[in-house]
Amino acid sequence: EQVARFTKLQNTLKSFQKQYRKLQETVEKLVAQENESRMVLEELEQVKEGQRVMKLIGPCLFPQPVKEAAETIETRLSLISRQFKAVQDKIASIERRAKDKQRD
């Protein structure tokens, strides 16, 4: 019975580790997306009046108003922030559950 209980606990903790690793990968991707979006926003802030901003849609470039481009990036940053918060909450939940299982 003890061996079965230990094996079950071990499998549960391995599952938590796997979930944790996936979430950490997601955090890394979100951080990279956030950094890229911030750099783009900084570049857009440096655009002078009369300069054009282009948006890549499929294989084609189309002109886009600077204000619209900045709003799109700000919306993306807001979304990334919400996703990051959700992932952090999931990580905290997994850590709590893992600690609880270790106490059992």
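The structure presented is a predicted model; accordingly, all values stated were derived computationally and were not measured.

## Some thoughts on the overall build of the protein
Thinking step 1. The helix and strand tally for the protein stands at two helices and two strands.
Thinking step 2. N-terminal to C-terminal, the α/β element order of the protein is α-β-β-α.
Thinking step 3. Relative to the globule expectation of 13 Å for 104 residues, the C-alpha radius of gyration of the protein, 22 Å, shows a markedly less compact shape.
Thinking step 4. Here the protein, with 104 residues, has 17% of them falling under the buried criterion.
Thinking step 5. When contacts within the protein are restricted to residue pairs at least 6 apart in sequence, those whose partners lie at least 24 apart make up 73%.
Thinking step 6. Put simply, the protein shows about 8,500 Å² of open surface, and 52% of that area lies on carbon and sulfur atoms.
Thinking step 7. On the protein, the mean spot of the 21 positive side-chain charges and the mean spot of the 16 negative ones are 9 Å from each other.

## Side note on helix α1 (residues 2-45)
Thinking step 1. The terminal C-alpha atoms of α1, which comprises 44 residues, lie 63 Å apart, in line with the 64 Å expected from a rise of 1.5 Å per residue.
Thinking step 2. Considered for burial, the residues of α1 that qualify are Phe-16, Leu-23, Val-27, Leu-30, Ser-37, Leu-41 and Leu-44.
Thinking step 3. Those residues of α1 that are buried are in contact with β1 (53-57) and α2 (66-103).

## Things to note about the packing of α1 against α2
Thinking step 1. Two elements in contact, α1 and α2, have axes separated by 9 Å at closest approach and are oriented at 160°. Accordingly, the angle class assigned to the pair α1 and α2 is roughly antiparallel. The crossing of α1 and α2 is left-handed.

## A closer look at the pairing of β1
Thinking step 1. Strand direction decides the pairing type here: β1 and strand β2 (residues 60-64), joined by five bridges, are antiparallel. Within β2, the residue paired with Lys-55 across the bridge is Phe-62.
Thinking step 2. Taken together, β1 and the strand that follows it, β2, pair antiparallel across an intervening segment of two residues, in which Gly-58 is found at a positive phi of about 65°.

Scoring rules and cut-offs
- Residues numbered from 1 in each chain as written.
- Predicted model: local features only at pLDDT ≥ 70, side-chain atom pairs only at ≥ 80, totals over all residues.
- Heavy atoms only, no water.
- Helix = DSSP H or I, 4+ residues; strand = E, 2+ residues; numbered from the N terminus.
- Rg over C-alpha atoms; globule rule 2.2 N^0.38 Å.
- Buried < 20%, exposed > 50% of the residue type's maximum accessible area, 1.4 Å probe, protein only.
- Contact = heavy atoms within 4.5 Å.
- Areas by Shrake-Rupley, 256 points an atom, 1.4 Å probe, with all protein chains shown as cover.
- Lys, Arg positive; Asp, Glu negative; His and termini not counted.
- Charge placed at Lys NZ, Arg CZ, Asp CG, Glu CD.
- Expected span 1.5 Å × (residues − 1).
- Axes fitted to C-alpha atoms, helices over the stretch in contact; angles between N-to-C directions.
- Parallel < 35°, antiparallel > 145°, perpendicular 65-115°, else oblique.
- Left-handed = near helix turned anticlockwise from the far one by under 90°.
- Pairing = 2+ DSSP bridges.

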